[in-house]
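Next come the chains, spelled out residue by residue.
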Amino acid sequence: MNPSLASMNSLAMFTPCFLSASAPQVTLANFGLVGWPALCDSSLRMQRISQDRQWIHRQRKPFHCPRNLKGRPLPPVRSAEMESLPTMLMDAVEASVTETRKPERNLADIWREIQGANNWEGLLDPIDDILRKEMIRYGEFAQACYDGFDFDPFSKYCGSCKYHRRELFQGVGMSDYGYEVTKYVYATSNINLPGVFQKPQVQKTWSMHANWMGFIAVTTDEEEIQRLGRRDIVIAWRGTVTKLEWIADLMDYLRPAGLNYIHPHPDVKVESGFLNLYTARERDCRFCKSSARDQVLSELKRLLQKYRGEQLSITITGHSLGSALAVVSAYDIAELGLNRSESDNQAEFIPITVFSFAGPRVGNLAFKDRCEELGIKFLRVVNVHDGVPKVPGVLFNEKFQMMKQWVDKLPWSYCHVGVELALDHTQSPFLKPTKDLSCFHNLEAHLHLLDGYHGRGQGFHLSSGRDPAMVNKSCDFLKEHHLVPPFWLQDANKGLIKNSEGRWVQPERIRIIEDESHTDHHEAAVHTDENGGITINGQQTSSLYQP
């Protein structure tokens, strides 16, 4: 037999092992000059997958029963959800997933530790499995702000949320989380932070001044309340997805926070852009007549009064710019003493915890010290290759020890708050080398790294089988041989529907807009005056607690 013909016969026998079932059958007629490049690409892809599997098997550990974020047993790896993955990525997940033993502790028994009561000592290296699941869960609240946001500049609702607040979790795939959204938070878009606010290219729009910035939710499912060990109030802030131009505007200056006019603490300073975004209002806009600050404080006050006497926690989360707003709002709540409750004439403090992802520095050293005095707990998750957590304060920051007293007085000397958990995306066998900075900053990539992190010096293996395909929702970070397209998350037909006349049009969101501009419940009216003072239900806050 001709040697070349024999080699083609052997290749024909081997090819069906790695081609999908839907691919055409390979015969000798296929092996012309045109077919060889595709065959070589497929062989190279298989070689890369084999190398990834070998690397994963060297890093993996013995395991038993996999469990989801709520501690419930996961279905077999080849489940309905997994079948949605391309075959090659599914095989890689099978090889990488590490199934952990059922934790002997319950979250309800240790929730204060998980919320940072002991500053997460002994829980980060190696990382506690319960803590990791809770961090991912709160990260998904921040991700919901992206998944529910209308980024389309050709939409007349650009800058708003795509879902009514009662339908947000269902719309973003979180309907079984046991929380109910009670309020949307808006901010004026007249702040100079490029890439943060989305404005439509059409003149007729839902609002010329507002952007949806996040939401407030509370645990309402009794089973989830028992699992958590308390009723949890979540404040989630939206950040930025791809554009990072706003970083350049952070080289501005620090200014006194001034959020408590009774005890102003003039030495406590915050980056001016973050403070403006948090406190600015637009009197001609029905969504921003009250600042984002007023909206958050009023709804929080209402919820704390509604559930008074229960075991409560306040958890604030955000990514990127949303992380900065999470830090500022946590400080504001604690500074005003809104987390202080009275029980048997004794002061009790509702714990405030911030789970921050890829966040920048926010304030100076005095701000950090004041946050520690107030008992706020911050856990910052960062990618060591991401540039955002390194700004502002590239030169003068918490790492600059020489002439510390002098440096702290500079108007551009910043300091991180809380505890840092540093991750490295080069440790994941799923992610490809890239120079795209937005990939390093991506929230889904952070959650993927968190799922595979087990401690410094330990191998990367997924703990819950969280779908790596989600990394490519809004970026191009997965290796090509996993066959997950980049930027795959989008609305069907770009949000268009066919009306009764056969025309493709944008559906109206009048119910969403109207309901959110006129809240359907009685809430505590919180307003800040021009001097930064705060009034609740028409009364000055002179009685606010100060430690």
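Heads up: the structure comes first, above all this text.
Just so it is clear, the structure is predicted and the values come from calculations on it, not from any experiment.

> Would you mind going over the overall build of the protein with me for this structure?
A tally of helices and strands in the protein yields 16 helices and 16 strands. Going through the 547 residues of the protein one by one, you find that 54% of them count as buried. If you take every contact in the protein between residues at least 6 apart in sequence, the share linking residues at least 24 apart comes to 72%. Accessible surface, the protein as shown: approximately 25,400 Å² in total, 52% of it carbon and sulfur.

> Help me understand the packing of aromatic side chains in this model?
To describe a pair of aromatic rings, one takes the distance between the centres and the angle between the planes. Within the structure shown, the criterion is met by 14 aromatic pairs. Their ring planes at 65° and their centres at 6.2 Å tell us that Trp237 and Tyr278 sit as a pair that is edge-to-face. You can see Trp237 sitting in strand β3 (residues 231-237) and its partner Tyr278 sitting in helix α9 (residues 272-279), a full 41 residues away along the chain. On the basis of relative accessibility, which here comes to 2%, the residue Trp237 falls in the buried class. One aromatic cluster is present, formed by Trp120, Tyr138, Phe141, Phe169, Tyr177, Tyr179, Phe215 and Phe355 through successive ring pairs. Taking the ring centre of Tyr138 as reference, the NZ or CZ of Arg137 above it sits at 4.6 Å. If you follow Arg238 out to its NZ or CZ, it ends over the ring of Phe149, 3.8 Å from the centre.

> Quick question: what am I supposed to make of the packing of α9 against helix α11 (residues 321-335) here?
Helix-helix packing is characterised by the crossing angle of the two axes and by the distance between the axes. Look at α9 against α11: their axes get within 10 Å of each other, and the N-to-C directions meet at 70°. Judged by the inter-axis angle, α9 sits roughly perpendicular to α11. Contacts from Phe274, Leu277 and Tyr278 of α9 reach α11 at Leu321, Ala324, Leu325, Val328, Ser329 and Asp332. Class assignment of the residues belonging to the contact of α9 with α11 gives a composition of seven nonpolar, one polar and one charged.

> When you look at the environment of Met135 in this model, what are you seeing that I'm missing?
Tracing the backbone shows Met135 in helix α6 (residues 129-147). Met135 sits in the buried class, given a relative accessible area of 0%. Met135 sits 244 residues away from Leu379 along the chain, and the two C-alpha atoms are 9.1 Å apart. When sequence neighbours within four positions are dropped, the list of residues in contact with Met135 reads Phe355, Phe357, Leu379, Val381, Leu421 and Leu450.

> Help me understand the pattern of salt bridges, please; the structure alone is not making it clear to me.
Opposite charge on two side chains permits pairing when their charged atoms draw close. According to the stated counting rule, one finds 26 salt bridges in the structure shown. Because the salt bridges share partners, they merge into one network encompassing Glu140, Asp147, Glu444, Arg466 and Lys473.

> What is the right way to read the sheet that holds strand β10 (residues 377-383) from this model?
Two strands in a sheet stick together by hydrogen bonds in their backbones, pointing the same way (parallel) or opposite ways (antiparallel). Spatially, the seven strands line up as an open sheet ordered β1-β2-β3-β6-β9-β10-β11, and their pairing is mixed. If you trace the sheet from one side to the other, it starts and ends with β1 (179-188) and β11 (419-423), each paired once. Averaged over all adjacent pairs, the angle separating strand axes in this sheet is 15°, with direction ignored. Sheet analysis places strand β2 (residues 210-219) next to β3, joined by five bridges and oriented antiparallel.

> Looking at this model, I keep getting lost on unusual backbone geometry. Mind explaining?
In this structure, the amide linkage connecting Asp125 to the following residue, Pro126, adopts the cis form with an omega of 0°. With an omega of -15°, the peptide bond running from Val391 to Pro392 counts as cis. When you line up the elements, Pro392 lands in the loop between β10 and α13 (404-407). In this model, Asn493 sits at a positive phi of 55°, which is unusual for a non-glycine residue. Mapped onto the elements of the fold, Asn493 is located in the loop between α15 (443-452) and β12 (497-498).

> Explain the pairing of strand β6 (residues 312-319) to me, please; I cannot follow it from the model alone.
Note on strand geometry: in a regular strand, side chains alternate between the two faces of the sheet. Burial within β6 is extensive, with eight of its eight residues counted as buried. The sheet contact formed by β3 and β6 spans seven bridges and is parallel. From the neighbouring strand, Ala236 faces β6, where its bridge partner is Thr317. Here six bridges tie β6 to strand β9 (residues 352-357), and the two strands are oriented parallel to one another. What sits directly across from Ile314, in β9, is Ile352.

> What is the right way to read α9 from this model?
An α-helical turn contains 3.6 residues, so any two residues separated by three or four positions project in the same direction. Most of α9 is tucked away, with six of its eight residues classed as buried. Three or more residues of α9 are buried, namely Ser272, Gly273, Phe274, Leu275, Leu277 and Tyr278. Between the side-chain oxygen at the start of α9 and the backbone nitrogen of Gly273 there is a gap of 2.7 Å, and the oxygen is on Glu271.

What counts, and where the lines are drawn
Residues numbered from 1 in each chain as written. Predicted model: local features only at pLDDT ≥ 70, side-chain atom pairs only at ≥ 80, totals over all residues. Heavy atoms only, no water. Helix = DSSP H or I, 4+ residues; strand = E, 2+ residues; numbered from the N terminus. Buried < 20%, exposed > 50% of the residue type's maximum accessible area, 1.4 Å probe, protein only. Contact = heavy atoms within 4.5 Å. Areas by Shrake-Rupley, 256 points an atom, 1.4 Å probe, with all protein chains shown as cover. Phe/Tyr/Trp six-rings, centres within 6.5 Å; stacked < 30°, edge-to-face > 60°. Lys NZ or Arg CZ within 6 Å of the ring centre and 35° of its normal. Axes fitted to C-alpha atoms, helices over the stretch in contact; angles between N-to-C directions. Parallel < 35°, antiparallel > 145°, perpendicular 65-115°, else oblique. Nonpolar A, V, L, I, M, F, W, Y, C, P; charged D, E, K, R; others polar. Salt bridge = Lys/Arg side-chain N within 4 Å of Asp/Glu carboxyl O. Pairing = 2+ DSSP bridges. Polar contact = N/O pair within 3.5 Å; in protein donor to acceptor, adjacent residues only side chain to side chain.

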